[in-house]
Amino acid sequence: MLRVAVPNKGALSESASAMLNEAGYRQRRDSRELVMVDPDNEVEFFFLRPRDIAVYVGAGTLDVGLTGRDLFLDAQVDAEELMSLGFGASTFRFAGPVGDFTSIEQLEGKRVATSYDGLLRAYLAERGISASVVRLDGAVESSVRLGVADAIADVVETGTTLRAAGMEIFGEPILKSEAVLIGRRNAEHPAGLDVLIRRLRGVLVARQYVMMDYDVRRDLLEEAAARTPGLESPTVSPLRDTDWVAVRSMVKRTDTNRIMDELYDIGARAILVSTIHACRI
Ligand SMILES: Nc1ncnc2c1ncn2[C@@H]1O[C@H](COP(=O)(O)OP(=O)(O)OP(=O)(O)O)[C@@H](O)[C@H]1O
Ligand SMILES: O=P(O)(O)OC[C@H]1O[C@H](OP(=O)(O)OP(=O)(O)O)[C@H](O)[C@@H]1O
Ligand SMILES: [Mg+2]
C-alpha cells in the first residue's frame, strides 16, 4: 500500500482532503480518525500535524505527504517536492513595528521571532546577517509588543494579523509558499504514486480549465480558433449548415469571459462554457 501523509488540522487540512477526495480517494469522515485505509486504491492515509509530515517522509516511514512548502523547507529533511497543489498560498516575510525597519540589513544584532526557525536561520546565514532567532510556536505578531523580539518572520496571507498588531512588512519576501506533494529524494516511485500524481494533476487541470463550445462561420474559423488553441488543438466538427462549424476547446478558467467577448465580437455564436469534472491530460 502507498502510505500518504495528510494534514490533520490547520490551514491546509480541509483543502488537502477535498483535493484527494476529488482525485477519487476515500477520506476520513471524522476529524479524530488518525489513519484511514482506502482498499480500492491500495492507499493508506495518515493524518498528521502539517509540520511533522516532512519528518515522516524524510525518515522514509511514509512514502509521500501533502504539506506546505514553507513547513517542508523549515524541517530541513531529505525529501523533494514532487508537485505543487494550487492551494494554501502564503508568503513568508519579515515584519516589524511600523516605521522601525526598511531593510533586512538592519536586523544585524537584533532579535527575530518566528515559528519557522530552520527557514529563517538558513536565510539569514545566506545573507551573512547575524541576528538572534527566537523560536515561538505561534501568535508571533505579539512577540515584539511583549518585548521578546525586535522583528518577526511569519506567514502573511491577507496581512490582517500584522495590521492588527501595529506591524508592517519590510524587505523582499523570504519565500512564496503553497501546498506541495513531497516524496523521498531520487527514489524509485512506489506502487500507486504515479497514479496519485496523475490524478492530482487531473484535479488541478479540472479546476483551472473550463470546456468552451461555440459555433462560428467557416470563413471566421481561423480567427476564432486562434483565441482558443486548447491544449493540443481545438476540435472542429461540421454542422448541418455547411457554412458553419462547431468548435470545442479547453480554456483557462480565469480567461473565460474575455475569450467569450472576443469570440462574440469575431462572430461566434452559441458560446457555451461547462465545467470539467475530471480529466487525465
Ligand atoms: N492564513 C494562513 N495562516 C497560516 N498558514 C497559512 C495561511 N495560509 C496558508 N497557510 C499555510 O498553511 C501552513 C500552516 O498550516 P497550519 O496553520 O496548520 O500550521 P501551524 O500554524 O504551524 O499550526 P497551528 O496554527 O494549528 O498551530 C503553511 O504551509 C502556511 O504557509
Ligand atoms: O495575513 P493573515 O491573513 O492575517 O494570516 C497570517 C496569520 O495567520 C497565521 O496564524 P494562525 O491563525 O495559523 O495562528 P498561529 O500564529 O498560532 O499559527 C499566521 O501565523 C499569521 O499569524
Ligand atoms: Mg497557524
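Our structure's up above, just so we're on the same page.
Conventions and cut-offs
Residues numbered from 1 in each chain as written. Chains lettered and ligands numbered in written order. Predicted model: local features only at pLDDT ≥ 70, side-chain atom pairs only at ≥ 80, totals over all residues. Heavy atoms only, no water. Near = heavy atom within 4 Å. Polar contact = N/O pair within 3.5 Å; in protein donor to acceptor, adjacent residues only side chain to side chain. Areas by Shrake-Rupley, 256 points an atom, 1.4 Å probe, with all protein chains shown as cover. 1 Å grid on protein atoms, 1.4 Å probe; cavity = no way out; pocket = protein on both sides within 12 Å on 5 of 7 lines; lining within 4 Å. Sits in = over half its atoms within 2 Å of the grid points. Nonpolar A, V, L, I, M, F, W, Y, C, P; charged D, E, K, R; others polar. Helix = DSSP H or I, 4+ residues; strand = E, 2+ residues; numbered from the N terminus. Buried < 20%, exposed > 50% of the residue type's maximum accessible area, 1.4 Å probe, protein only. Arc of directions from axis to C-beta. Contact = heavy atoms within 4.5 Å. Points joined across faces, edges and corners; volume = space filled by probe spheres on them. Pairing = 2+ DSSP bridges. Axes fitted to C-alpha atoms, helices over the stretch in contact; angles between N-to-C directions.

A. Main features of the site of ligand 1. Residues in contact with ligand 1 amount to 16 residues; listed here are only the nearest, Gly10, Arg49, Asp70, Ser90 and Glu157. Ala11 is positioned such that a nitrogen or oxygen atom in its backbone is 3.3 Å from an oxygen atom of ligand 1. With respect to ligand 1, the side chain of Arg49 contributes an N or O atom lying 3.2 Å from an oxygen atom. The protein chains hide 68% of the 600 Å² of surface that ligand 1 would expose on its own. A molecule is said to occupy a pocket when more than half its atoms come within 2 Å of that pocket's grid points, and by this definition ligand 1 occupies the largest pocket. Per-class residue counts for the shell around ligand 1 are seven nonpolar, five polar and four charged.

B. Here's a closer look at the site of ligand 2. Around ligand 2 lies a shell formed by Gly138, Ala139, Glu141, Asp154, Val155, Val156, Glu157, Thr158, Gly159, Thr160 and Thr161. At 2.4 Å, a side-chain N or O of Thr161 approaches an oxygen atom of ligand 2. The pocket occupied by ligand 2, as judged from atoms lying within 2 Å of grid points, is the largest pocket. Within the residue set of the shell around ligand 2, elements represented by two or more residues are strand 9 (151–156) and helix 5 (160–164). Here the shell around ligand 2 takes three residues from strand 9, the largest share from any one element. Each residue belonging to the shell around ligand 2 can be placed in one class, and the counts come to three nonpolar, five polar and three charged.

C. The arrangement of helix 2 (residues 50–59) in detail. Looking only at helix 2, the buried set comprises Pro50, Ile53, Ala54 and Val57. Buried residues of helix 2 fall within an arc of 95 degrees about the axis and therefore sit on the same side. Residues of helix 2 that are buried make contact with strand 1 (2–7), strand 3 (43–48), strand 4 (64–68), helix 3 (69–75), strand 5 (79–84) and strand 11 (179–184). Gly60 lies just past helix 2 and shows a positive phi near 85 degrees.

D. Molecular detail of unusual backbone geometry. The phi dihedral of Glu42 falls on the positive side, at around 55 degrees, and the residue is not glycine. One can find Glu42 in the loop between strand 2 (35–38) and strand 3. Positive phi is not limited to glycine here, since Ala139 has a value of about 45 degrees. Owing to a relative accessible area of 60%, Ala139 belongs among the exposed residues under this scheme.

E. Fine view of the layout of surface pockets. Empty space within the largest pocket amounts to approximately 820 Å³. If you go around the largest pocket, you meet 31 residues; those closest to its centre are Ala11, Asp70, Leu71, Tyr116 and Val155. Of all elements in the fold, only helix 2, helix 3, strand 9 and helix 5 reach the threshold of two or more residues within the lining of the largest pocket. Taken together, the residues that form the lining of the largest pocket break down as 11 nonpolar, 10 polar and 10 charged.

F. Here's a closer look at the sheet that holds strand 12 (residues 209–217). Taken together, the four strands give an open sheet; going across it, the order is 13-14-12-15, and neighbouring strands pair in antiparallel fashion. Bordering the open sheet on either side are strand 13 (235–238) and strand 15 (269–275), each of which pairs with just one other strand. Direction aside, neighbouring strands of the sheet carry axes that sit 20 degrees apart on average. In this structure, strand 13 lies alongside strand 14 (residues 244–252), joined through four bridges in antiparallel fashion. Paired with Thr235 across the bridge in strand 14 is Arg248.

G. Structural view of helix 1 (residues 13–22). Of all the positions in helix 1, only Ser13, Ala16, Ser17, Met19 and Leu20 are classed as buried. The arc that holds every buried residue of helix 1, seen down its axis, measures 160 degrees, which confines them to one face. On the buried face of helix 1, the contacting elements are strand 1, strand 3, strand 4 and helix 6 (193–208). In the stretch just after helix 1, Gly24 is the one whose phi turns positive, near 95 degrees.

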